[in-house]
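One letter stands for each residue in the lines below.
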Amino acid sequence: MKKTLRALVIFGVILASCESKDSEIGDRYFKQGEYQKAIDAYNKFLEYKPTDIKSLYNMGRSYEEIGEYDKAVEKYQAVLEQDPNNLNAILSVGKNYYRTGNFADAAFQFEKATKLDDHNPRAYFLLGRANHNLGKTAEALEAYNAAISNDKKYGEAYLYRGALKVFLKQKKGGCSDITMAKQLNVPEADNAIDKYCD
C-alpha cells in the first residue's frame, strides 16, 4: 500500500513538472517570436489543464501574432468564460473589434476595461481611438485626457489628442500635444507636425 501511494505521489510530481514545463516552453517560444511552436506547446499543456487562464490567453496572443484572429478571439472568450473581468482578454477582444472596423463594440469593450481599472492608460487610449473613429470627439478627447493623466509619457495619446484638437480648431493646443509626442519619440509625430503645424 505504501509503495503504491509513493508511486502515485511520484507520478503526480512528474506529471505536474511536465505540465509546468510545457507552459514554460510555450512562454519561451512566444517571447522568441516562434508563435506556432508556442501554440503547440500550449496545446500540450492544455490537454492536462484545459482551463488554465494564462495559457489560454497566451495561446490567443500567439494566434493573433500569426494572423489567425478567429482562433485568437476563441481563446480570449474561453478566458472570459472563466474570468469575466480578465482585463487582458477584454482589451484583446476590443482590439479585435477595432481591427475589423467595429468601433462601437470596440468602444464597449474598452470602456468595460476602464471600469475595471480606472488607472489603465492603455484602456483609455484605446477607448479614445474607438470613439475618435466613431466621430465622438468629446468622448475621444476625454479618454485621451484620462490616458495622459494616468501616464504623462504616453506619446501616442498626445499624438492623437493633438490631431483631434487640430480638427476641433484648437491648433495651438493640438500642435503642442503633437510636439510632445515627438519629444516622446512617437514615429508618426514628424509627419503630423508637417501636416498640421507648419
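For the structure itself, look to the data block above.
Residues numbered from 1 in each chain as written. Predicted model: local features only at pLDDT ≥ 70, side-chain atom pairs only at ≥ 80, totals over all residues. Heavy atoms only, no water.

Enquirer: Pulling in residues and values, what's your account of the side chain of Lys 75?
Expert: Tracing the backbone through its elements, the reader meets Lys 75 in helix α4 (residues 69–82). Look past the residues within four positions of Lys 75 in its chain and what remains in contact with it is Leu 56, Met 59, Gly 60 and Tyr 63. (Helix = DSSP H or I, 4+ residues; strand = E, 2+ residues; numbered from the N terminus. Contact = heavy atoms within 4.5 Å.)

Enquirer: Would you mind going over the pattern of salt bridges in detail, with residue names and values included?
Expert: Summed over all chains, the structure comprises 10 salt bridges. As a salt-bridge pair, Glu 156 and Arg 122 come within 3.9 Å of each other at their nearest N and O atoms. With a gap of 34 residues between them, Glu 156 in helix α9 (residues 155–167) and Arg 122 in helix α7 (residues 121–133) connect regions that are remote in the sequence. Judged by its relative accessible area of 35%, Glu 156 is partly exposed. What you see here is one network of salt bridges that share partners, running through Arg 61, Glu 64 and Glu 65. (Salt bridge = Lys/Arg side-chain N within 4 Å of Asp/Glu carboxyl O. Buried < 20%, exposed > 50% of the residue type's maximum accessible area, 1.4 Å probe, protein only.)

Enquirer: Break down the packing of helix α8 (residues 137–150) against α9 for me, citing the residues and quoting the values.
Expert: In the contact formed by α8 and α9, the axes pass within 9 Å of each other and the chain directions differ by 150°. Comparing their axes, α9 and α8 come out roughly antiparallel. The crossing of α8 and α9 is left-handed. The residues of α9 that touch α8, namely those facing Thr 137, Ala 140, Leu 141, Tyr 144, Asn 145, Ala 147 and Ile 148, are Ala 157, Tyr 158, Tyr 160, Arg 161, Leu 164, Lys 165 and Phe 167. (Axes fitted to C-alpha atoms, helices over the stretch in contact; angles between N-to-C directions. Parallel < 35°, antiparallel > 145°, perpendicular 65-115°, else oblique. Left-handed = near helix turned anticlockwise from the far one by under 90°.)

Enquirer: Hey, could you go over the packing of aromatic side chains for me, with residue numbers and the actual values?
Expert: Enumeration according to the criterion identifies six aromatic pairs in this entry. Geometrically, the ring pair formed by Tyr 98 and Phe 103 is edge-to-face, given 5.1 Å between the ring centres and 65° between the ring planes. Residue Tyr 98 is classed as partly exposed on the basis of its relative accessible area, which comes to 25%. Ring centres of Phe 125 and Tyr 144 lie 6.1 Å apart, and the angle between their planes is 40°; this geometry places the pair in the tilted category. Taken together, the residues Phe 125 in helix α7 and Tyr 144 in helix α8 connect sequence positions 19 residues apart. (Phe/Tyr/Trp six-rings, centres within 6.5 Å; stacked < 30°, edge-to-face > 60°.)

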